[in-house]
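# Breakdown of the fold
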Amino acid sequence: MEDRATPFPELLMEEWSIFRERAGMTLEHLAEGHDWRMFEALLTLHAIADEACAGLGMALDRSDGKGCVYRARGRELLAKTGSLARIQPHFLRVLPKVRTPPNGTSLRSFSRYACVRGPSVEARWHKVPARRNGTDPRARHANLLLLPWPLRVRESDFRPLDNSVERLGKEPFGFFQFAPSEKLDLDLVSRLIVAARDEVDSVDVVLLPESAVDESEVNDLETLLERHGVTGLITGVRQRSTQPGGFPGNWVHMSISPRLEKAAPPSSSTSEQWFHIRQNKHHRWSLDEGQIYQYHLGGALHPHVRWWEAVDVPRRTLHFVELGDEITMVSLVCEDLAQIDDVGEVIRSVGPTVVVTPLLDGPQLASRWAARYASILADDPGSSVLTLTSYGMVKRSRPRGRESSPVIALWKDPVRGIREIPLEAGAQGVLLTICGDRATRRSADGRSPINNVTEHFDVAVHQVRAGSADSAPSNFESEAPAARSLELEELTILTGWAQALTEALAYAPECIGPLLSDANPGAPWRAALRIPEPSQQLSKAIRFLERAVRAVTRADGMPTLDALLNSCIENLPREQGLEKLVGRVLRSTLEQLRTRPAIEAQVTIQSKRNAEAAMGRLL
């Protein structure tokens, strides 16, 4: 792919020749199984193409540096177009694959690095290299603070739209809005983070349910989280209608601090704007007679009318977020989890590490609908699923003859199974710790399994009760953050090139020159793929990458990975603005690569111990 003058591999040429000889064969003849040699050629070509896609999405272990330039180009193409293919996305999309089904022979199970989907769902791939500093593989865990707010939901929070009821004579329907009167309490958020940090070393991500935060409250919440050293926010956001007669929005807001560092110390100053991702809701909530009785809403919404949520439903788009600790995450809003449609098929094809679903629902019991659909994704493709609902809705859910349940969240993964997470009396939040470890990629075409993907499972749950008001930072005042040094797409492209640079440093230093040349504006490959040149700010960031490499290049012209990593660690405190962000990205990708050999060594040592123990038992 990088040198078109070299000959094609012999196996590829042989199988391609077999395919070309039989290209006139009808699909019906092929489907009846009359030509095994054609099957063999097709499966082999498919496997070769699939293996060539390894590392185009998430960076993987490499035995050498071959292909680092090709992978960097592919990552930029993915960021720009939402597809790894030269074919236009309105025909089809080629997306990275993260998790593979452990069993079965569905079409999805025949590839392990890429998948092909139709154009009905737009996909966007984001790289945000947030992780814990250092190269200790035992640090691959995350502390999630679940805030099941609003803690109280009133019947009056559900309001029918004026004059919206239609078809009164037969199966009437109307529209309602949910607007909780209980506002976001930033002081309580602050005290809960302090209480959680008394239990663990850091709060990495704060999560809230569907519609928990008004659009106007997001910036203040992020400012508060930044000052507590929190890296990420996942929350349902509600919006007021922006124009007369129009419906408001309902989405999951995912945002990540530009510090890109888990377990960061609290900050006393306001930094740059966070990186924002908006995952829209694809299906309106429909409140039928049974749910109106279940949630005791009959005084606000007549039970003999089917009430539809008055929210806008934009074009279906999925945002996959790849983090620096080898987690690929996607979020769905409530009802979207239960729909078996093209959105669900894209998720099952890509196989993200974690699916986060904020809800406005009753208790998250293992017997209810959310657990059933979470189990589908945990079984195939093996994703972990977290659902989180409002405690106020949990308390309102009192079906006739049953007591209310305090279960506000549910975690399901393929390792430890299902866990119901209650909110105990006196607590206002729950701390969930998840841990990552190596998992296996498989394919149904006979290729050997390989352990180069990460799975996450729950390891601890703690109830969080807010301390006194004195524990909150007394100097908190909302300030307007500075503008971002890079936009999210630019950060994704920069991270892709930084990953390629670390691969070249580790395995093929001779590729560094061509790689940096391809990263800079004016490289001819972009015109060939019909993607635009880097922006002025991204071009400047790439030059900072180049400068960092030159600064540690030895007299023999070969920079080393360790020298560049040490330089990043030493210079970061002195750098500012864009240069500091580039240094953080580079440090994150360097340490991520450094972590992998340590993991492999751990696996090798453990395998040796297991073998010795087994031999001892035999003797």
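These numbers come from a predicted model, not from an experiment.

Definitions and limits used
Residues numbered from 1 in each chain as written. Predicted model: local features only at pLDDT ≥ 70, side-chain atom pairs only at ≥ 80, totals over all residues. Heavy atoms only, no water. Disulfide = S-S within 2.5 Å. Buried < 20%, exposed > 50% of the residue type's maximum accessible area, 1.4 Å probe, protein only. Helix = DSSP H or I, 4+ residues; strand = E, 2+ residues; numbered from the N terminus. Contact = heavy atoms within 4.5 Å. Axes fitted to C-alpha atoms, helices over the stretch in contact; angles between N-to-C directions. Parallel < 35°, antiparallel > 145°, perpendicular 65-115°, else oblique. Left-handed = near helix turned anticlockwise from the far one by under 90°. Pairing = 2+ DSSP bridges. pLDDT = per-residue confidence, 0-100. Salt bridge = Lys/Arg side-chain N within 4 Å of Asp/Glu carboxyl O. Right-handed = clockwise from strand over helix to strand, strands pointing away. Phe/Tyr/Trp six-rings, centres within 6.5 Å; stacked < 30°, edge-to-face > 60°. Lys NZ or Arg CZ within 6 Å of the ring centre and 35° of its normal.

### Topic: the state of the cysteines
Throughout the structure, instances matching the rule amount to 0 disulfides. Free cysteine: Cys 115, not disulfide-bonded; nearest cysteine sulfur from Cys 53 at 9.8 Å. A relative accessible area of 7% means that Cys 115 is categorised as buried.

### Re the environment of Val 194
Checked against the element boundaries, Val 194 lands in helix H5 (residues 186-197). In this structure Val 194 comes out as partly exposed when scored by relative accessible area, which is 27%. Separated by 70 residues in sequence, Val 194 and Arg 124 place their C-alpha atoms 35 Å apart.

### Points about the side chain of Thr 492
For Thr 492, the location among the structural elements is in helix H11 (residues 488-507). Not counting chain neighbours up to four residues away, the residues in contact with Thr 492 comprise Ala 79, Trp 125, His 126 and Lys 127.

### Description of the packing of helix H1 (residues 10-21) against helix H3 (residues 36-52)
Relative to each other, H1 and H3 sit at 135°, their axes nearing to 9 Å. With respect to their mutual orientation, H1 and H3 come out oblique. As for the relative orientation of H1 and H3, their crossing is left-handed in sense. Residues Leu 11, Leu 12, Glu 14, Glu 15, Trp 16, Ile 18 and Phe 19 of H1 form the contact with H3, whose own contacting residues are Arg 37, Met 38, Glu 40, Ala 41, Leu 42, Thr 44, Leu 45 and Ile 48.

### Looking at the sheet that holds strand E7 (residues 173-178)
The mixed open sheet is built from 4 strands, whose spatial order is E6-E7-E14-E13. Edge strands, defined here as strands with exactly one partner in the open sheet, are strand E6 (158-160) and strand E13 (286-287). With 3 bridges connecting them, E6 and E7 associate as antiparallel partners. Directly across from Pro 160, in E7, lies its bridge partner Phe 176.

### Points about the confidence of the model for the chain
When pLDDT drops low, the exact placement of atoms in the prediction is not to be read closely. On average, residues of the chain score 89 in pLDDT, and 93% of them reach the 70 mark or higher. Across residues 602-607 the pLDDT falls below 50, and counting only partners more than four positions away or on other chains, this stretch makes 2 contacts in the model.

### So, the pattern of salt bridges
Under the criterion given, the structure shown has 41 salt bridges. Between Arg 526 and Glu 533 there is a salt bridge whose closest N-O contact spans 4.0 Å. Judged by its relative accessible area of 38%, Glu 533 falls in the partly exposed class. Connected through shared salt-bridge partners, Asp 50, Glu 51, Arg 112, Asp 445 and Arg 447 make up one network.

### Quick word on the pairing of strand E18 (residues 384-388)
Buried residues dominate E18, accounting for 5 of its 5 residues. Of the two faces of E18, both are covered, the one formed by Ser 384, Leu 386 and Leu 388 as well as the one formed by Val 385 and Thr 387. Between the parallel elements strand E17 (residues 354-358) and E18, the chain passes through helix H9 (residues 369-379) in a crossover that is right-handed. The pairing of E18 with strand E19 (residues 407-413) spans 4 bridges and is antiparallel. Its bridge partner lying in E19, Leu 386 is registered against Trp 411.

### Quick word on the packing of aromatic side chains
Taken as a whole, this structure holds 12 aromatic pairs when the rule is applied. Here the aromatic residues Phe 158, Phe 176, Phe 178, Trp 285 and Tyr 295 are joined through ring pairs into a cluster of three or more. Sitting above the plane of the Trp 251 ring, Arg 278 keeps its charged end 3.5 Å from the centroid.

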